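# Remarks on the overall topology
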Amino acid sequence: ETISSELLDGSWNLKYTTSKVILGKNLPGVFQYVRGSNRQILNTKDLTGVNKVKTKFAGLFEFEYIIQLSLTARPPQRALVKFENVKLGPFTFNLIFGVGYIDVTYIDDDLRITRGSEGNVFILVRE
């Protein structure tokens, strides 16, 4: 079962996505996605994870925000994803929306390809 596989555990670096949200294309122009700075750390035993994303404000400084998430396995390849909260520096904001799923379409020791509930493709490599 892909979702229960220990192959899913660990730290993954996003190399490619079609998601406009992750690329920051739905944000005001003063925010810029920092390419190569999106990491996802998953723990299938606890069914938890975090997304760590860097963005640049007005081209002047970078900052990182962290999204904590919980997973619900739907074997063999689907995981429901609930985005729990977002941390920005010392501040944590609970998220009242943000539920979707990912389907793991391919995984090996170094590469993971998934498709999200909005049809977006994600290609990640293990760190």
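Everything here concerns the structure above.
Description of the structure in this document. (Residues numbered from 1 in each chain as written. Predicted model: local features only at pLDDT ≥ 70, side-chain atom pairs only at ≥ 80, totals over all residues. Heavy atoms only, no water.)

## Details of the nonpolar core
In a soluble, globular protein the nonpolar side chains are often hidden away together inside. We count it as follows: Nonpolar cores are built from buried Ala, Val, Leu, Ile, Met, Phe, Trp, Tyr and Cys residues. Side-chain atoms within 4.5 Å join them into one set. Exposure categories follow from relative accessible area, calculated using a 1.4 Å probe and restricted to protein chains: below 20% of the type maximum is buried, above 50% is exposed, and the middle band is partly exposed. Here a helix means four or more residues in a row that DSSP labels H or I, a strand means two or more in a row labelled E, and each is numbered from the N terminus. We call two residues in contact when some of their heavy atoms are within 4.5 Å.
Ranked by size, the top nonpolar core spans 14 residues in total, and within it Leu-8 and Leu-71 carry the most contacts. Elements supplying a minimum of two residues to this core: β1 (10-17), β5 (61-74), β6 (78-88), β8 (99-107) and β10 (121-126). Other than its neighbours up to four places away in sequence, Leu-71 contacts Leu-42, Leu-47, Thr-48, Ala-79, Leu-80 and Val-81.

## Looking at the pairing of strand β3 (residues 39-43)
For the record, the criterion: Strand pairing is assigned whenever DSSP identifies at least 2 bridges connecting the two strands.
Of the two faces of β3, the one holding Gln-40 and Leu-42 is buried and the one holding Arg-39, Ile-41 and Asn-43 is not buried anywhere. Both β3 and strand β4 (residues 48-57) contribute to a ladder of five bridges, which runs antiparallel. Note on β4: the bridge partner recorded for Ile-41 is Val-50. A loop of four residues connects β3 with β4, the two strands running antiparallel in sequence, and Leu-47 in this loop sits at a positive phi of about 55°.

## With respect to unusual backbone geometry
In this structure, Pro-76 follows Pro-75 across a cis peptide bond, with omega equal to 10°. Looking at the secondary structure, you find Pro-76 in the loop between β5 and β6. For Leu-47, which is not a glycine, the phi torsion comes out positive at approximately 55°. You can see Leu-47 is positioned in the loop between β3 and β4.

## Topic: a nonpolar patch on the surface
Threshold: Nonpolar side chains (Val, Leu, Ile, Met, Phe, Trp, Tyr) within 5 Å and like charges within 9 Å form the patches, drawn only from residues with over 30% relative accessible area and no salt bridge. Here the Shrake-Rupley method, with its probe set to 1.4 Å, supplies the accessible areas, and only the displayed protein chains count as covering residues. By definition here, a salt bridge exists when the distance from a side-chain nitrogen of Lys or Arg to a carboxyl oxygen of Asp or Glu is within 4 Å.
There is a patch of nonpolar side chains on the surface, built from Leu-88, Phe-91 and Phe-93 and spanning about 300 Å² of accessible area. Within the secondary structure, Phe-91 is located in strand β7 (residues 91-94).

## Overview of the pairing of β10
Two strands pair when backbone bridges link them, and β1 and β10 are joined in this way by five bridges, in the antiparallel orientation. The residue bridging Thr-17 from the neighbouring strand is Phe-122, located in β10. Relative to β10, strand β9 (residues 111-116) runs antiparallel, the two sharing five bridges. When the bridges of β10 are listed, Ile-113 appears paired with Ile-123.

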